[in-house]
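Each chain, letter by letter, is given below.
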Amino acid sequence: MDVFGSSGVRGVALSELTPAYALRIAQAAGSVFAEDSDRVAVGRDTRTTGQLFVDAVTSGLASVGCDVDRVGIVPTPALQAYCEQENIPGVMVTASHNPPEYNGIKLCGTDGVELTRDRLERVESNIDDTPERAVWNESGASRHVDTVARRYREQLLDAIDRERIAAADLTVAIDPGNGAGALTSPELFTDIGCTVKTINAQPDGTFPGRNPEPVRENLDDLGRLVRASDADLGIAHDGDADRAIFFDERGEFIEGDAALAALTAAELDAGDTVVSAVNTSQRLVDVVEDVGAELHLTPIGSTYITTAIRELRDDGVPVPIAGEGNGGIIFPDYRLARDGAYTAARFCELLTDRPASEVVAPYGGYHNVRHNIHYERAAQREAMVEAIEEAASDADAEVDDTDGYRLEYGDAWLLARPSGTEPVVRVYAEARDRDRAEELAEAMADAVEAARDAR
Ligand code: MG
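Residues numbered from 1 in each chain as written. Predicted model: local features only at pLDDT ≥ 70, side-chain atom pairs only at ≥ 80, totals over all residues. Heavy atoms only, no water.

### Quick word on the coordination of the magnesium ion
Ideal geometry at a metal centre gives angles of 109.5 degrees when four donors are arranged tetrahedrally and 90 or 180 degrees when six donors are arranged octahedrally. Of the protein atoms, only Ser-96 (OG), Asp-238 (OD), Asp-240 (OD) and Asp-242 (OD) coordinate the magnesium ion, at distances of 2.0 to 2.1 Å. One chain supplies every donor for the magnesium ion, spaced along it as S-x141-D-x1-D-x1-D. Placement of the pair is Ser-96 in the loop between strand E4 (90–93) and strand E5 (102–108) and Asp-240 in the loop between strand E9 (233–236) and strand E10 (245–247), with a sequence separation of 144 residues. (Donors = N, O, S within 2.8 Å, 3.2 Å for Na, K, Ca; no water. Helix = DSSP H or I, 4+ residues; strand = E, 2+ residues; numbered from the N terminus.)

Laid out in structure tokens, this is it:
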């Protein structure tokens with residue numbers, strides 16, 4: 001799985017990810033898609049190189065005989081909803097939370113769900129083969145479809161407890177970060193019956209307001225807006241709006257892990273299984289244990305999570321909620337896809353009898369530390385991974401190497417792994433005791449940095 005990584009194809013547009021390569025991927029995907037459908041939906045987020053890649057992808061699909069519905073700028077979950085409604089596969093041109101210069105490609109099937117690892121591998125193995133191009137008079141046609149965002153909002157409105165949220169008379173401050181969610185979330189929450197305040201709500205692929213990644217350091221303005229507008233909740237999305245991150249009514253950032261734990265506690269019954277990734281928080285571990293449910297851990301990346309949910313559900317295991325602490329949450333009974341707006345609406349349902357700060361209060365008191373250690377060359381990456389391996393084998397901890405190295409210390413855990421999408425090695429640690437988390441993360445980060453600098 002070299003091409004699709006843990007969450008699709010990503011790279012710096014035009015240098016790492018070229019239009020020619022996007023066209024090849026589309027041809028390879030088109031021949032796998034052709035087994036189910038001769039029509040494919042193509043959407044994109046707001047990135048400045050988005051249209052260019054949509055054109056390349058459309059050309060690639062049409063050249064192998066697929067008709068194309070160009071659905072324009074929409075959140076990834078809106079494209080997925082359209083694919084499910086129309087029973088056609090889809091291609092999303094997005095680099096999700098990556099910086100503006102990046103772009104990427106995600107694929108979904110006729111069920112609106114990300115392709116399974118097996119099918120992605122088949123697409124991948126097609127990429128280097130000569131494509132089976134259609135004869136000249138059987139090439140695909142393309143048309144514009146501009147109803148996807150509206151249909152997405154309508155379906156979502158039907159799926160949530162709209163009256164309950166409206167009765168709570170909530171004010172929500174929304175920061176779509178100039179991404180695709182700008183076209184759907186403000187209108188959606190107005191329709192739900194909330195008073196909506198916005199920031200960075202004009203679609204703009206240069207992302208002038210903030211970096212598309214919805215992490216605390218990029219969201220100061222949203223915190224200020226929550227306080228200034230006396231909002232009950234702040235909602236931030238990433239570039240393709242499949243994630244939601246929250247601020248409480250005091251304008252305080254809510255850790256993604258705490259929001260996931262609160263949503264999970266509300267959703268989970270004994271005997272259920274929750275799927276999350278190996279960087280999952282102790283908060284989720286504690287919620288699952290309290291309820292008497294099971295926790296299933298996968299490598300990091302939404303593809304692994306959706307694949308695991310599918311397998312568990314096929315075996316009859318109930319999985320009412322899944323996701324990661326980065327705001328990417330899945331409610332499989334609604335759709336087997338991450339959905340920032342749906343997640344935010346479900347969080348609003350928790351605010352009908354108490355404020356956000358109280359909803360997440362039981363999940364406070366944990367301290368997360370993260371280090372991102374950048375590298376430039378493959379040799380450095382290799383040395384950094386060796387250093388992690390060595391530190392893991394010397395540590396007085398239980399080691400899980402599902403994806404990177406998760407070290408369980410009992411009172412704390414640490415994860416060290418190279419990113420699947422960026423030239424970065426990430427080190428996370430979590431403990432109830434802040435010093436303990438910092439100490440563990442720093443020791444690992446120092447070892448990794450020293451290994452990098454030695455190459
Ligand atoms: Mg995303």
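From this point, the discussion proceeds with the structure in view.
### Looking at the nonpolar core
Core analysis: the largest hydrophobic core is formed by 58 residues, its most contacted members being Leu-156, Phe-189, Ile-192, Leu-233, Phe-246 and Phe-347. Residues in contact with Phe-347, not counting those within four places in the same chain, are Leu-233, Phe-246, Ile-254, Ala-259, Leu-263, Ala-356, Val-359 and Val-360. With 30 residues, the next largest nonpolar core counts Ile-25, Cys-66, Val-68 and Leu-115 among its residues. (Core = buried A, V, L, I, M, F, W, Y, C linked by side-chain atoms within 4.5 Å. Buried < 20%, exposed > 50% of the residue type's maximum accessible area, 1.4 Å probe, protein only. Contact = heavy atoms within 4.5 Å.)

### As for the sheet that holds strand E17 (residues 405–408)
Spatial ordering of the open sheet is given by E15-E19-E18-E17-E16, a layout of 5 strands whose pairing is antiparallel. The two strands at the open ends of the sheet, each matched to only one other strand, are strand E15 (367–374) and strand E16 (398–400). On average, each strand axis in the sheet is tilted by 15° relative to the strand beside it, whichever way the strands run. Relative to strand E19 (residues 424–431), E15 runs antiparallel, the two being bridged by 8 bridges. When the sheet's bridge partners are listed, His-371 is paired in E19 with Val-427. (Pairing = 2+ DSSP bridges. Axes fitted to C-alpha atoms, helices over the stretch in contact; angles between N-to-C directions.)

### Examining empty space enclosed by the protein
Overall, the coordinates contain 2 cavities of 30 Å³ or more when judged by the stated rule. Residue lining of the largest cavity: Thr-76, Leu-79, Gln-80, Met-92, Lys-106, Leu-107, Cys-108, Glu-114, Asp-242, Ser-302 and Arg-338, and that is the complete set. Counting residues per element, the ones that place at least two in the lining of the largest cavity are helix H3 (76–86) and E5. Here the residues of the lining of the largest cavity are counted per class, giving 4 nonpolar, 3 polar and 4 charged. (1 Å grid on protein atoms, 1.4 Å probe; cavity = no way out; pocket = protein on both sides within 12 Å on 5 of 7 lines; lining within 4 Å. Points joined across faces, edges and corners; volume = space filled by probe spheres on them. Nonpolar A, V, L, I, M, F, W, Y, C, P; charged D, E, K, R; others polar.)

### Here we look at the packing of aromatic side chains
On inspection of all chains with the given rule, the structure shows 4 aromatic pairs. Between Phe-247 and Phe-253, the ring centres sit 5.6 Å apart and the planes meet at 80°, which makes this aromatic pair edge-to-face. Relative accessible area serves as the criterion here: at 17%, Phe-253 is assigned to the buried category. For the ring pair Tyr-334 and Tyr-342, a centre distance of 3.9 Å and an interplane angle of 10° mean the geometry is stacked. Neither residue differs from the other here; Tyr-334 and Tyr-342 are each classed as buried. Across the ring face of Tyr-334, the terminal group of Arg-335 is positioned such that the distance to the ring centre comes to 5.1 Å. Geometry around Tyr-366 places Arg-432 over its ring, the cationic atom sitting 4.1 Å from the centre. (Phe/Tyr/Trp six-rings, centres within 6.5 Å; stacked < 30°, edge-to-face > 60°. Lys NZ or Arg CZ within 6 Å of the ring centre and 35° of its normal.)

### Some remarks on unusual backbone geometry
One can expect most non-glycine residues to show negative phi and most peptide bonds to be in trans. Phi angles above zero are rare outside glycine, and Ser-96 is one such case at about 55°. Ser-96 sits in the buried class, given a relative accessible area of 1%. The residue Ala-241 is not glycine, and still its phi comes out positive at about 60°. A relative accessible area of 3% places Ala-241 in the buried class.

### Topic: the pattern of salt bridges
Per the counting criterion, the structure on display carries 30 salt bridges. Across the salt bridge formed by Glu-324 and Arg-338, the nearest N and O atoms sit 3.4 Å from each other. Of this pair, Glu-324 sits in the loop between strand E13 (322–323) and strand E14 (329–330) while Arg-338 sits in the loop between E14 and helix H12 (340–349), and the two are 14 residues apart along the sequence. Judged on exposure class, the residue Glu-324 and its partner Arg-338 are both buried. Asp-353 is the salt-bridge partner of Arg-354, the closest N and O atoms lying 3.6 Å from each other. Bridged by salt links that share partners, the residues Arg-39, Asp-69, Glu-86, Arg-143 and Arg-151 form one connected network. (Salt bridge = Lys/Arg side-chain N within 4 Å of Asp/Glu carboxyl O.)

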